[in-house]
Amino acid sequence: MTALGLPDTIQACLFDLDGVVTRTAVVHAAAWKETFDAFLRGHDGQRPFDAVADYDEYVDGRPRADGVRAFLDSRGIHLPEGTPDDPPDAPTVHGLGNRKNELLLEKIRTQGVEAYDGTLRYLEAVRAQGLRTAIVSSSANCRDVLRSIGAEHFFDVRIDGVVAAERGLPGKPHPDTFLAAARDLGVEPAAAAVFEDALAGMDAGRAGRFGYVVGVDRVGQTDALYAHGADTVVKDLAELGGKE
C-alpha cells in the first residue's frame, strides 16, 4: 500500500460528492423526507419516509428519478413518469424529483454547504502524488456545489447528473458513470479507486471491477458498506494517510 492508503497499482481516484467531499447527504435526506412525507399523506396507511433507512436503501447515490421510482416501488405506489421539465407539484416521477430538488436548493441557500476537511487534505495529497482525479455524482448541482466550497480545481474530470443525461449514462448502482470517469482520465478501471459513502456507489464500484473501493462511513453502516463491495471502510479519508 502507498502513503495514500491505496494499492500501488492505482493511478486515478474517483470521488463521490455528497457524503464524501461535502456534508450534504443529511441535507439531501431532509429534502427527500419533506418531499415524500407530503406525498404520502395523500395515501392512507403509509408510514413516513425514514431519513436513514429509506434514504440509504432507495435514494442515496441514485439519480433523482431512479430514487423516486425505487422508493415508491417499495411502498407499492406507481406514478406516471412525466417529463424532466414537469413542475414540482406534478403527480409524476419527475414532478416529485423536481420538488425534491427545489427543496434541496432552498436548504443549500439557507444553510450553506460545508466540505469535509479530511477529504480536502486527502485530495491535496492525491494531487501532490500525481494521481488523476474525477468527481462522480448523480447530482445535477455538482459544479455549483464544488464552486461554493472552492474545490472545483481538485478534479480533472466531472461526471455528474448533467453529463450523465447528456451521454445517456445510467446512474448508480450501475457502474457507467464511474467507468466514464476512468475512460475520460485515460485509465483502466483496475487502475482506479472509487471513494463512496452510498451503498449504491459500493455496488457500482464492485460491478465496474475497479482496482480499489473505499467506503466512507458517515452514518454507522460499516458492515453494509463491506457487504456491498468495499475493500476498506473509513470514517474519514484522513485515516488513509496522505499527510505531508
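The coordinates are above.
Residues numbered from 1 in each chain as written. Predicted model: local features only at pLDDT ≥ 70, side-chain atom pairs only at ≥ 80, totals over all residues. Heavy atoms only, no water.

### Quick notes on the nonpolar core
Consideration 1: With 37 residues, the main nonpolar core has Leu6, Phe15, Tyr122, Phe195 and Leu237 as its most contacted residues.
Consideration 2: Contributing elements (two or more residues each) for this core: strand 1 (12-15), helix 1 (25-40), helix 4 (93-111), helix 5 (117-128), helix 6 (142-148), strand 4 (192-196) and strand 5 (212-216).
Consideration 3: Ranked by the residues each element gives to this core, the list is headed by helix 5, at 5 residues.
Consideration 4: In this structure, Phe195 is in contact with Leu6, Cys13, Leu14, Phe15, Asp16, Val20, Tyr122, Val214, Leu237 and Leu240, ignoring residues within four places of it in sequence.
Consideration 5: Listed in part, the 19 residues of the second largest apolar core include Ala12, Leu169, Phe178 and Val187. (Core = buried A, V, L, I, M, F, W, Y, C linked by side-chain atoms within 4.5 Å. Buried < 20%, exposed > 50% of the residue type's maximum accessible area, 1.4 Å probe, protein only. Helix = DSSP H or I, 4+ residues; strand = E, 2+ residues; numbered from the N terminus. Contact = heavy atoms within 4.5 Å.)

### Here's the deal with the layout of surface pockets
Consideration 1: The space that makes up the largest pocket amounts to roughly 470 Å³.
Consideration 2: Taken together, 23 residues line the largest pocket, and the ones lying closest to its centre are Pro63, Arg64, Ala65, Gly161 and Ala165.
Consideration 3: Those elements that place two or more of their residues in the lining of the largest pocket are helix 3 (64-74), helix 4 and helix 7 (161-167).
Consideration 4: Looking at the lining of the largest pocket residue by residue, the classes come out as 10 nonpolar, 8 polar and 5 charged.
Consideration 5: Reported here for the second largest pocket is a volume of approximately 260 Å³. (1 Å grid on protein atoms, 1.4 Å probe; cavity = no way out; pocket = protein on both sides within 12 Å on 5 of 7 lines; lining within 4 Å. Points joined across faces, edges and corners; volume = space filled by probe spheres on them. Nonpolar A, V, L, I, M, F, W, Y, C, P; charged D, E, K, R; others polar.)

The values reported here are purely geometric and, on their own, carry no functional implication.
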